[in-house]
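Chains, contacts and geometry: an overview
Residue-level listing of the chains:
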Amino acid sequence: MNSKKWPTHSILAIAVLATWLKTYIVYKTGFSITIDNFMQEFILFLSPLSLLLFLYGAALFMKKPANRNRYLVAMTLVTSIILYANIAFYRFFSDFITLPVLFQTDNFGDLGSSAAASIFLTDIFYFSDVILVLIAIKFIPVAKEEVASVSGRRAYFILSGAVLFLNLGLAEAERPQLLTRSFDREMLVKNIGMYNYHLYDVYIQSKSQAQRALADSSELVEVNNYVRTHHVDPSPDMTGIAEGKNLIIVTLESMQTFTINAEMNGETVTPFLNGLTEDEDTIYFPNFYHQTGLGKTSDSEFLLENSLYPLGGSAVFFTHAGNTYNSMAEKLGNQGYSTNVQHANTKSFWNRDMMYDSMNIDEFLDIQSYEIGEGQAVNWGMKDIPFFEQSVAHMKEMPQPFYSRLITLTNHYPFTLDEEDKMIDEFDSNSGTLNRFFQTTRYLDEAVKELFDELKAQGLYENSVIMLYGDHYGISENHNAAMAQYLGKEITPYESAQLQRVPFFIHIPGSGEGHVNEKIGAQIDMRPTLLNLLGVDTESDVQFGNDLFAPEKEEFVVFRDGRFVTKEYVYAGNSCYENGTGDLIDQSFCEPYIDEAVAKLEYSDKMIIKDLLRFYDEETGELIDIE
Ligand code: GP9
Ligand code: MN
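Residues numbered from 1 in each chain as written. Chains lettered and ligands numbered in written order. Predicted model: local features only at pLDDT ≥ 70, side-chain atom pairs only at ≥ 80, totals over all residues. Heavy atoms only, no water.

1. Quick notes on the domain arrangement of the protein chain
- Here the protein chain is described as being made up of domain 1 (10-210) and domain 2 (233-552).
- Between domain 1 and domain 2, the contact holds 16 residues from the first and 17 residues from the second.
- Taken together, domain 1 and domain 2 are joined by zero salt bridges.
- For the pair domain 1 and domain 2, the interface holds zero residue pairs in polar contact (both at pLDDT 80 or more).
- By residue number, the principal contributor to the side of domain 1 that touches domain 2 is helix α11 (residues 194-213), which donates three residues.
- The residue makeup of the side of domain 1 that touches domain 2, split by class, is five nonpolar, seven polar and four charged. (Domains from an automatic or database assignment. Contact = heavy atoms within 4.5 Å. Salt bridge = Lys/Arg side-chain N within 4 Å of Asp/Glu carboxyl O. Polar contact = N/O pair within 3.5 Å; in protein donor to acceptor, adjacent residues only side chain to side chain. Helix = DSSP H or I, 4+ residues; strand = E, 2+ residues; numbered from the N terminus. Nonpolar A, V, L, I, M, F, W, Y, C, P; charged D, E, K, R; others polar.)

2. Structural notes on the coordination of the manganese ion (ligand 2)
- Around the manganese ion (ligand 2), the donor atoms from the protein are E253 (OE), E253 (OE), T297 (OG1), D471 (OD) and H472 (NE2), and they sit 2.1 to 2.3 Å away.
- For the manganese ion (ligand 2), the six donor atoms in the first shell make angles of 57 to 168 degrees at the metal, so the coordination geometry reads as irregular.
- Within one chain, the residues serving as donors to the manganese ion (ligand 2) are arranged as E-x43-T-x173-D-H. Remark: H472 occurs in the loop between β11 (464-470) and α20 (480-487) and T297 occurs in helix α14 (residues 296-306); sequence separation between them is 175 residues. (Donors = N, O, S within 2.8 Å, 3.2 Å for Na, K, Ca; no water. Tetrahedral: all angles 85-135°; square planar, octahedral: opposite > 155°, others 65-115°.)

3. With respect to the environment of M264
- Note that M264 resides in strand β2 (residues 263-264).
- A residue is classified by how much of its surface remains accessible, and M264, at 0% relative accessible area, is buried.
- The spatial distance from the C-alpha of M264 to the C-alpha of Q485 is 11 Å, given a sequence separation of 221 residues.
- Beyond its immediate stretch of four places on either side in the chain, M264 contacts V269, I424, D425, E426, F427, F438 and Y486. (Buried < 20%, exposed > 50% of the residue type's maximum accessible area, 1.4 Å probe, protein only.)

4. Side note on the state of the cysteines
- In the structure shown here, the tally under the stated rule is one disulfide.
- Here C576 connects covalently by a disulfide to C590, the sulfurs 1.9 Å from one another. Looking along the S-S bond of the C576-C590 disulfide, the torsion reads about 80 degrees, which is the right-handed sense. One end of the pair, C576, is in strand β18 (residues 575-578); the other, C590, is in helix α23 (residues 587-609), and 14 residues separate them in sequence. (Disulfide = S-S within 2.5 Å.)

5. Considerations on a nonpolar patch on the surface
- Together, F38, M39, F42 and L166 line one region of the surface with nonpolar side chains, adding up to about 390 Å² of accessible area.
- Per element, the largest residue contribution to the nonpolar patch is three residues, and it comes from helix α2 (residues 38-46). (Patch = residues over 30% accessible without salt bridge, like charges linked within 9 Å, V, L, I, M, F, W, Y side chains within 5 Å. Areas by Shrake-Rupley, 256 points an atom, 1.4 Å probe, with all protein chains shown as cover.)

6. A word on a negative patch on the surface
- A contiguous patch of negative charge, built from D233, D537, E539 and E552, is present on the exposed surface.
- Along the chain, E552 turns up in the loop between α22 (526-533) and β15 (556-558).
- Of the residues examined, E552 reaches a relative accessible area of 61% and is grouped as exposed. (Lys, Arg positive; Asp, Glu negative; His and termini not counted. Charge placed at Lys NZ, Arg CZ, Asp CG, Glu CD.)

7. Some words on the nonpolar core
- Of all hydrophobic cores here, the largest spans 123 residues; its most connected members are F31 and I506.
- Three or more residues apiece are contributed to this core by two domains, here domain 1 (10-210) and domain 2 (233-552).
- Counting residues in hydrophobic clusters, the runner-up holds 34 residues, among them Y284, Y370, F402 and Y443. (Core = buried A, V, L, I, M, F, W, Y, C linked by side-chain atoms within 4.5 Å.)

8. Quick word on the site of ligand 1
- If you check the shell around ligand 1, you find E253, K296, T297, H343, N345, F349, W350, R352, W380, L409, H412 and H472 and nothing else.
- Contact distances for ligand 1 include 2.7 Å between an oxygen atom and a side-chain N or O atom of T297.
- At 2.8 Å, a side-chain N or O of H412 approaches an oxygen atom of ligand 1.
- Starting from 310 Å² of accessible surface for ligand 1 in isolation, the protein chains cover 98%.
- Its residues assigned to classes, the shell around ligand 1 shows four nonpolar, five polar and three charged. (Near = heavy atom within 4 Å.)

See below:
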């Protein structure tokens, strides 16, 4: 063969093309990645390319063709192994590999024993690019020794950079805040590609490992002292009034307090929940706030289980799923409860599968545990009504007492519904989002009613406590104009803060404890409040919330972004307002609380970032010495 026919870097080009196309084919055949539109397909196709260009492109710096070739074979092999390892992992766990799972030996117990059974001869395809490169090396004559010219290399890497930015730009348009929120591994893989995903994962994990490594137990002493000085004794009247009962917690997706006891163009938005606010067995908290950040639903779960604040800059479920926690589920597990979460979505969403393990939740009934019949899916997946029905059926099978957490989904942006599920009209503002929000909220209300009915029908109602809470806002500040139209007032920073109220109900059948509790509280208080009702002692736990029924409970709620609310003041948009009137008042009124709010968040962050609960003995409340 005449060497002139083959340009110097043919092997590089062949390697890049072969791995790129192979990876795309594997995406389509080896994983079940959902694609909703052409743009997503295009991003998926493009996504492996940028990293391959950079990685394989390093060959351009090598002078000897033999070295170049060896390097390219090695790199095609490395990327093939990464891809194939993910395939093997996916066959068992329907998930992509993340660094921490490689160190979780119990995962590999499962994997190792069955791995052999899942290796097929056809798997050789996953290495087809390596083979192709080897063949190419054999048949394409070795070019003379030369490194690529500086200008040639520059052009190559500018092109590679352009591909990377095109990829990231399209991904950002398709999934805003993809990297900061990093909500789903599947979403990451499909938007930035398998190889970039692993780099990103290594970055996230090593960053948190480094911060963890620098910590020692004395730091826990400091946080613990802080927590002790802010602890108040739980209400003795409420202690243990629901002891031994099942605990059912319902996450009301995107539900906001402004829809409770409210009308929209003459129609009642939440008739069932309105009834609960006056019910003799229900305690309703109208001044209860969410404290979530980027992690949205998962942040609310984090607050609920741990009574710690979520993190400011990232979704803690993703970045700190390897930590030691002392979750409510674990506490109840120790009391003989069986514990689980039920949610009809993929288990890797918000990294729940990993985090639930760390929080010692016995079981996660994810989408695989549900049968979605004809007409039972809308928007994000399974509709809440059939979801509740099947969840209660699962509960029938659970050993009692159980703690079962149900996460709803229908009232999620973009708030779409099938015609037959629309029980009220849309609102008439210029925001379709807000207009539809009333309809999906109305649907969620109906679903909760059906849940209660179903629990009664199945004989589970009497012996259970049912707690309902809104996870976070559904209507963001982008819809302020439409909100102003609905509420009939301007949305100032004060009003915005008040719109962060989410419903919170505790229903204890037969208790006669029902009342409207005006106390200012927040998601951080859920764990101590509930555990006290169930008679589980949390005296020595490191938690940042307090029992909402405690007479001395301080009415001071800090949002994740530093805004805060007290009985007298609301601090928002760097301004101080009087609570109630919403009047701007002198900054000095809020001043004493500003540092206090920051301190709370910082101490809580420290607990998480330095993984301080690993130094804590949950049984005794003492420090553990770890070398
Ligand atoms: C996803 C569901 C919604 O499983 O919990 O998450 P969100 O976008 O509200 O955080
Ligand atoms: Mn949510």
